[in-house]
Amino acid sequence: MREAFLGRDGTFDGIFWTGVRSTGIFCRPSCPARKPRPEQLSFFATPEDAEAAGYRPCKRCRPLEAPGSAPSWLAPLLDAIEADPSRRWSERDLRDLGFQPERVRRWFQRTHGMTFQAYHRARRLGAALEKVQGGRSVGRVAFDFGYDSLSGFQEAFRQTFGAPPTELGAALLVRVDHLTTPLGPMLVAASDRGIHLLEFTDRTALERQLRRTRDGLQAVLTPSPSELGRRAQTALDRYFDGVADALSGLPLEPVGTAFQRDVWSRLERIPAGETITYADVANALGRPRAVRAVGAAVGANPIALAVPCHRVVGSDGRLTGYAGGLWRKRRLLDLERAARDTGV
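All of the points below concern the structure found in this document.

Cut-offs applied
- Residues numbered from 1 in each chain as written.
- Predicted model: local features only at pLDDT ≥ 70, side-chain atom pairs only at ≥ 80, totals over all residues.
- Heavy atoms only, no water.
- Helix = DSSP H or I, 4+ residues; strand = E, 2+ residues; numbered from the N terminus.
- Buried < 20%, exposed > 50% of the residue type's maximum accessible area, 1.4 Å probe, protein only.
- Contact = heavy atoms within 4.5 Å.
- Areas by Shrake-Rupley, 256 points an atom, 1.4 Å probe, with all protein chains shown as cover.
- 1 Å grid on protein atoms, 1.4 Å probe; cavity = no way out; pocket = protein on both sides within 12 Å on 5 of 7 lines; lining within 4 Å.
- Points joined across faces, edges and corners; volume = space filled by probe spheres on them.
- Phe/Tyr/Trp six-rings, centres within 6.5 Å; stacked < 30°, edge-to-face > 60°.
- Lys NZ or Arg CZ within 6 Å of the ring centre and 35° of its normal.
- Core = buried A, V, L, I, M, F, W, Y, C linked by side-chain atoms within 4.5 Å.
- Salt bridge = Lys/Arg side-chain N within 4 Å of Asp/Glu carboxyl O.
- Pairing = 2+ DSSP bridges.
- Axes fitted to C-alpha atoms, helices over the stretch in contact; angles between N-to-C directions.

Turning next to the overall build of the protein. Regarding its fold elements, the protein presents 14 helices and ten strands. Expressed along its principal axes, the backbone C-alpha trace of the protein runs to roughly 60 × 60 × 30 Å. When each of the 344 residues of the protein is scored for burial, the buried share is 47%. In the protein, 60% of the contacts between residues at least 6 apart in sequence involve partners at least 24 apart. About 17200 Å² of surface is accessible on the protein, with carbon and sulfur atoms providing 47% of the total.

Rendered as structure tokens:
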């Protein structure tokens, strides 16, 4: 724990909290503040334990908030974006509202992997495409969204989505948003068809999963909240509160081959808190010699938790092969078993 805290290892966020005796504050492992001497550290299993010991939460890493959640200072800007997605924002606009543009840029770069301007441009153009697909003329939508010329509007679409709006009329609009959990932020991609992707943001294959979703659905991906994303957040909150089957009612539409979808469908039938082996899955599908193919399909699962690949273990019962990290796999199984044992 000491090495993880001193190394600012964010993979341990949500696993332990660190109290600093010299300052009286407690932090999450990834806290960017200057690190104290090792002898000043105390470690706690929960933030409540740290508070009970007399420590107060750090104002920089905000250990009482879910990892990845938006800070309170940013809330007015996020509310303004949702209230009027068509508005164009300049750095002067940000300063007039009391925001430091560089601080805003850093948060969006760290959380969304793009600057605020890039995020909002994609957000605006996604909302504009929805209007075009709803029957509004391209020229009228361009004017409503603040573009002085139709050519400028079309060029913005080409740069962001690879084609002008007139060629995207049949494209599926997939909204991508960030959700929070005690084990780290997750990314959800959803359309009117269902949830296509739900994954921890630190998964190395996330970019590939997004491309597969976009190409497989012939979709346009835009950063934007969605009703299904909100439903997923509510379900995740209940799941981590100990309701093990809270995710079972979500409409899931993962992109994959017929064999992969068969494997993922089988995973959904594993009871919470229980585990089966890759060979068990292969046998259940009537393909006993396809253990390696099953393993590859489990590894390619684009919907974490709701398609519970964390419940698949090695032939000897050991926890193996979880893209979200074995520490998460262990925590998820412990959470589900505790819920099962208490009858939740």
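As a further point, take empty space enclosed by the protein. Sizing a probe to match a water molecule and rolling it over the atoms shows the empty space that remains. By the definition in use, this model includes one cavity of 30 Å³ or more. Residue lining of the largest cavity: Glu 199, Arg 203, Val 298, Gly 299, Asn 301, Ile 303, Ala 304, Cys 309, Gly 321, Tyr 322, Ala 323 and Gly 324, and that is the complete set.

Within this structure, the stated rule accounts for ten aromatic pairs. Each member of the aromatic cluster is reached from another via a ring pair, and the members are Trp 107, Phe 108, Phe 116 and Tyr 119. Sitting over the face of the ring of Trp 89, Arg 87 holds its NZ or CZ atom 3.7 Å from the ring centroid. A cation over a ring is seen here: Arg 328 above Phe 200, with NZ or CZ 4.0 Å from the ring centre.

Right, let's get into the side chain of Ser 226. Note on placement: Ser 226 falls in the loop between strand S8 (219-223) and helix H10 (227-240). With near-sequence residues (within four places) excluded, Ser 226 lies in contact with Arg 175 and Ala 190.

Right, let's talk about the nonpolar core for a bit. Formed by 40 residues in total, the largest nonpolar core has its most connected members in Ile 195, Leu 247, Val 263, Leu 267 and Leu 305. Of all elements in the fold, only strand S6 (186-191), strand S7 (194-200), H10, helix H11 (258-267), helix H12 (278-284), helix H13 (291-299) and helix H14 (326-342) reach the threshold of two or more residues within this core. In this structure, Ala 127, Phe 153, Phe 157 and Phe 161 belong to the second largest nonpolar core, which totals 19 residues.

Now for unusual backbone geometry. The backbone of Arg 8 shows a phi angle near 55°, a positive value even though the residue is not glycine. Residue placement: Arg 8 occurs in the loop between helix H1 (2-6) and strand S1 (17-20). One non-glycine residue with positive phi stands out, namely Gln 218, at about 50°.

Close approach of charged atoms lets side chains of opposite charge pair. Taken as a whole and assessed by the stated rule, the structure comprises 14 salt bridges. We note a salt bridge from Arg 136 to Asp 144, for which the minimum N-O separation is 2.5 Å. Since its relative accessible area comes to 35%, Arg 136 is described here as partly exposed. What makes Asp 144 partly exposed here is its relative accessible area of 30%. Between Glu 336 and Arg 311 there is a salt bridge, with its nearest N and O atoms 3.0 Å apart. Placement of Glu 336 in helix H14 and of Arg 311 in the loop between H13 and strand S10 (312-313) is noted, with a sequence separation of 25 residues between them. Like Arg 311, Glu 336 is buried. Here the salt bridges share partners, and the residues they tie into one network are Arg 136, Arg 140 and Asp 144.

Attention now moves to the environment of Thr 111. Along the chain, the position of Thr 111 falls in helix H5 (residues 101-112). The class of Thr 111 is buried, set by a relative accessible area of 17%.

Read across the sheet, four strands follow the order S7-S6-S5-S8 without closing on themselves; strand pairing throughout is mixed. Both outer strands of the open sheet, S7 and S8, are each paired with one neighbouring strand and no more. With strand direction ignored, the average angle separating the axes of adjacent strands in the sheet is 20°. Pairing of strand S5 (residues 172-179) with S6 involves five bridges; the strand directions are antiparallel. In the sheet register, His 178 faces S6, and the bridge partner there is Leu 187.

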